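Descriptive structure summary
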Amino acid sequence: MRRQLRSRRVPAFPHSYCYRLDDQDEVNQNYLADEEEEAEEEARVMVVPDLEEEEEKEEEEEEEEEEEEEEEEEEEEEEEKEEKEEEEKEEEEGQGQSTGNTWWRKLQIMNEYLWDPEKRMSLARTGQSWSLILVIYFFFYASLAAVITLCMYQLFLTIDPYIPTFTERVKPPGVMVRPFAHSLNFNFNVSEPDTWQHYVISLNGFLQGYNDSLQEEMNIDCPPGQYFIQDGNEDEDKKACQFKRSFLKNCSGLEDPTFGYSTGQPCILLKMNRIVGFRPELGDPVKVSCKVQRGDDNDIRSINYYPESASFDLRYYPYYGKLTHVNYTSPLVAMHFTDVVKNQAVPVQCQLKGKGIRNNVINDHFVGRVIFTLNIET
């Protein structure tokens, strides 16, 4: 730029040329302007590198600061990791000792709770506190027991030990059969004694109390066909009529020890539940009738009843209760199924027949009737 300006400032004019004063002033002014521009440009050129150097220094300082911060963060992380590792090691080392110490402390706390010799306290209470509590609870439970005993005593005063207070709900007698059978299903195979031997054992055990010798020793022979009414006080012992095992004949187990199960002609015994003061109405004995519940009636072609009347004789009524009628034995009716279809299940229903007897209660299959199943295989 200076060379150009100087070239402008020293032009090669011919010696013969003459300048005017105005042109010379204009040249001087242009020269001064160019000088100022050149100075400004040089100043700019000098300032720009300085700014760039300052910016570079600042950037370098910032990078150095960032690097230092990163290094500090890394150092802190490493220190934290080392501290955690040391803590974990200390915990692992102290676990064994701490478990033993904790159990020992627990035992000490328990022993101190049970008995603290310094404070002379047991279970966190002093002797005076325990004695006061025991006295309070003693009187509380003693008064409670006295009230309950008084209430029970008054209740028993209103109960007759010989006659039930409420008997209107048990007037219709219930019925049950022997031998015992699971779900009242009599399933057995004639050629396999193991399938029916338990029925024979059950019947023999049940009929032990009906042995002729025992009945003759304990009970009296009553006239049949009439009630055996006994007068006297309620607490007087009552006599009982004999019901001998021999009354059941072919189902007594005396003539056939297998009760017909070995020949596919099983015997099943039926008894009525005992009801204090029960008497069959109109003086007619209650009878038993069995038939096929559902299906073909020819599935049961023959049934023999023992006693032959298939009824409960009147001489066994009324019943006076177990406290006074000690030797009473319930009358039985045996059903001997001599001809039943084999190799299929036959549902059987045995009902009580008589005046005042209910045998069609839907929600109770044991009031006035009983239902069981015979399945005889050959």
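Further up the page is the structure itself.
So, here is what we can say about the structure in this document.

1. Observations concerning a nonpolar patch on the surface
Taken together, Tyr137, Phe140, Tyr141, Leu144, Ile148, Met152, Leu155, Phe156 and Ile159 make up a surface patch of nonpolar side chains, about 900 Å² in accessible area. Turning to its location among the elements, Leu155 is positioned in helix α3 (residues 127-157). With a relative accessible area of 42%, Leu155 lands in the partly exposed category.

2. Quick notes on the pairing of strand β9 (residues 369-377)
In terms of burial, β9 is largely enclosed, as eight of its nine residues are buried. As judged from the five bridges shared by strand β2 (residues 185-189) and β9, these two strands associate in the parallel manner. By the bridge assignment for β9, Phe186 is matched with Leu374. One ladder, built from seven bridges, connects strand β8 (residues 345-353) with β9; its direction is antiparallel. Among the inter-strand pairings, Gln351 is bridged to a residue of β9, identified as Arg369.

3. What about the state of the cysteines?
Note: disulfide means a covalent bond formed between the sulfur atoms of two cysteine side chains. In this structure the tally under the stated criterion is three disulfides. Here Cys222 connects covalently by a disulfide to Cys241, the sulfurs 2.0 Å from one another. Linking Cys222 and Cys241, the disulfide has an S-S dihedral of approximately -95° and is accordingly described as left-handed. Separated by 19 residues along the polypeptide, Cys222 in the loop between α5 (212-218) and β3 (267-272) and Cys241 in the loop between α5 and β3 bring together distant segments of the chain. Cys241 shares its class with Cys222; the two are buried. Among the cysteines of the protein that take part in disulfides, numbered as they appear in the sequence, the pairing is 1-2, 3-4, 5-6.

Reading the values: the criteria
- Residues numbered from 1 in each chain as written.
- Predicted model: local features only at pLDDT ≥ 70, side-chain atom pairs only at ≥ 80, totals over all residues.
- Heavy atoms only, no water.
- Patch = residues over 30% accessible without salt bridge, like charges linked within 9 Å, V, L, I, M, F, W, Y side chains within 5 Å.
- Areas by Shrake-Rupley, 256 points an atom, 1.4 Å probe, with all protein chains shown as cover.
- Salt bridge = Lys/Arg side-chain N within 4 Å of Asp/Glu carboxyl O.
- Helix = DSSP H or I, 4+ residues; strand = E, 2+ residues; numbered from the N terminus.
- Buried < 20%, exposed > 50% of the residue type's maximum accessible area, 1.4 Å probe, protein only.
- Pairing = 2+ DSSP bridges.
- Disulfide = S-S within 2.5 Å.

Such coordinate-based values are descriptive only and should not be taken to indicate function.
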